[in-house]
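So you can see what is in the structure, the chains are spelled out below.
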Amino acid sequence: MLHLEYKIEISAPAKTVWHTMLGEETYKQWAGKSWPDSFYEGKWAKGEEIRFIGPDGSGTLAKVVALTPYKSIVVQHIAMLDKGREDRTSDGAKGWIGTMEGYKFDERDGNTTVTVTMETTPEWQKMFDDGWPGALDELKKISERQMASV
């Protein structure tokens, strides 16, 4: 497994960044920067399942394995989605199942550093390296815009 890490500092408190990252509508905005028309279905709570879905119904199914509000989230991918259908048996799915994704929110003096970690296989590295920097930049813009309007 590869360990990938992406960071950004955002001029907003962790609570604002958390709600921006996980809110259904704001998720679509920041994730859509790198993965257009992406959305999620599910509940951000420990033990719950989240479906990360693209416009064609493909994506991934993950389980929230750890969650500390405004501090951190860890999800484990448990299936791939093929037009909404869960796939746990294809070679692609077998290479994806068990990969981990984490979000950490470190607040200092009203600013929050968001760290995204991915434990994944080499075949997914390019997608994440190409996608996460732009997505995090958009998360920063949205979060900071929300602070400016307060």
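Everything that follows concerns the structure shown earlier in this document.
What comes next concerns the included structure. (Residues numbered from 1 in each chain as written. Predicted model: local features only at pLDDT ≥ 70, side-chain atom pairs only at ≥ 80, totals over all residues. Heavy atoms only, no water.)

Some words on the pairing of strand β8 (residues 111-120)
Logical step 1: Here strand β1 (residues 2-10) pairs with β8 via nine bridges, running antiparallel. For E5, the partnering residue across the bridge sits in β8 and is T117.
Logical step 2: Pairing geometry for strand β7 (residues 100-108) and β8, over nine bridges, is antiparallel. Bridging across to β8, K104 finds its partner in T115.
Logical step 3: As consecutive antiparallel partners, β7 and β8 are separated by two residues, and within that stretch D109 has a phi angle of approximately 50 degrees, a positive value. (Pairing = 2+ DSSP bridges. Helix = DSSP H or I, 4+ residues; strand = E, 2+ residues; numbered from the N terminus.)

A short note on the nonpolar core
Soluble globular proteins tend to pack their nonpolar side chains together in the buried interior.
Logical step 1: Grouped together as the largest cluster of nonpolar side chains are 36 residues, with contacts concentrated most on M21, W30, W44, V114, V116 and W132.
Logical step 2: Looking at this core, the element that brings in the most residues is helix α4 (residues 125-148), giving six residues.
Logical step 3: Ignoring any residue separated from it by four or fewer positions in sequence, one finds W132 in contact with Y6, M21, W30, W35, E101, Y103, V116 and M118.
Logical step 4: Of all hydrophobic cores here, the second largest spans five residues; its members include I53, L61, I78 and A79. (Core = buried A, V, L, I, M, F, W, Y, C linked by side-chain atoms within 4.5 Å. Buried < 20%, exposed > 50% of the residue type's maximum accessible area, 1.4 Å probe, protein only. Contact = heavy atoms within 4.5 Å.)

Some remarks on the pattern of salt bridges
Oppositely charged side chains may form a pair once their charged atoms are brought near each other.
Logical step 1: This model, assessed by the stated rule, comprises eight salt bridges.
Logical step 2: D82 serves as the salt-bridge partner of R85, at 3.3 Å between the closest nitrogen and oxygen.
Logical step 3: Look at R85 and you get partly exposed, because its relative accessible area is 48%.
Logical step 4: Judged by its relative accessible area of 37%, D82 falls in the partly exposed class.
Logical step 5: Where K140 meets E144, a salt bridge forms, and the shortest distance between an N and an O atom there is 3.0 Å. Separated by four residues within a single helix, K140 and E144 lie in helix α4, roughly one turn from each other.
Logical step 6: By relative accessible area, which is 23% here, E144 ends up partly exposed.
Logical step 7: Through salt bridges with shared partners, a single ionic network connects R51, E86 and R88. (Salt bridge = Lys/Arg side-chain N within 4 Å of Asp/Glu carboxyl O.)

So, α4
Logical step 1: In this model α4 runs 35 Å from its N-terminal to its C-terminal C-alpha over 24 residues, within 8% of the 34 Å that 1.5 Å per residue would give.
Logical step 2: Of all the bends in α4, the largest measures some 30 degrees and sits at G131, one to four residues before the proline P133.
Logical step 3: Listed in full, the buried residues belonging to α4 are F128, G131, W132, A135, L136, E138, L139, I142 and S143.
Logical step 4: Looking at the buried side of α4, the elements it contacts are β1, α1 (14-22), α2 (24-32), α3 (91-96), β7 and β8. (Expected span 1.5 Å × (residues − 1). Bend = angle between axes of the 7 residues up to and from the residue.)

What about the side chain of D87?
Logical step 1: In this structure, D87 sits in strand β6 (residues 85-87).
Logical step 2: Despite its burial, D87 pairs with no opposite charge; the closest candidate is R85, at 4.9 Å N-O.
Logical step 3: Of note is the side chain of D87, whose polar atom sits 3.0 Å from the backbone nitrogen of T89.
Logical step 4: Ignoring any residue separated from it by four or fewer positions in sequence, one finds D87 in contact with A79, M80, A93 and I97. (Lys, Arg positive; Asp, Glu negative; His and termini not counted. Polar contact = N/O pair within 3.5 Å; in protein donor to acceptor, adjacent residues only side chain to side chain.)

A short note on the layout of surface pockets
Logical step 1: Space inside the largest pocket adds up to approximately 500 Å³.
Logical step 2: Along its surface, the largest pocket is lined by 24 residues, and W35, F52, G59, T60 and M127 are the ones closest to its centre.
Logical step 3: Looking at the lining of the largest pocket, the elements with two or more residues in it are α2, β3 (49-53), β4 (59-68), β5 (72-82), β7 and α4.
Logical step 4: The class makeup of the residues in the lining of the largest pocket is 17 nonpolar, six polar and one charged. (1 Å grid on protein atoms, 1.4 Å probe; cavity = no way out; pocket = protein on both sides within 12 Å on 5 of 7 lines; lining within 4 Å. Points joined across faces, edges and corners; volume = space filled by probe spheres on them. Nonpolar A, V, L, I, M, F, W, Y, C, P; charged D, E, K, R; others polar.)

Functional significance is not addressed by these values, which are geometric in nature.
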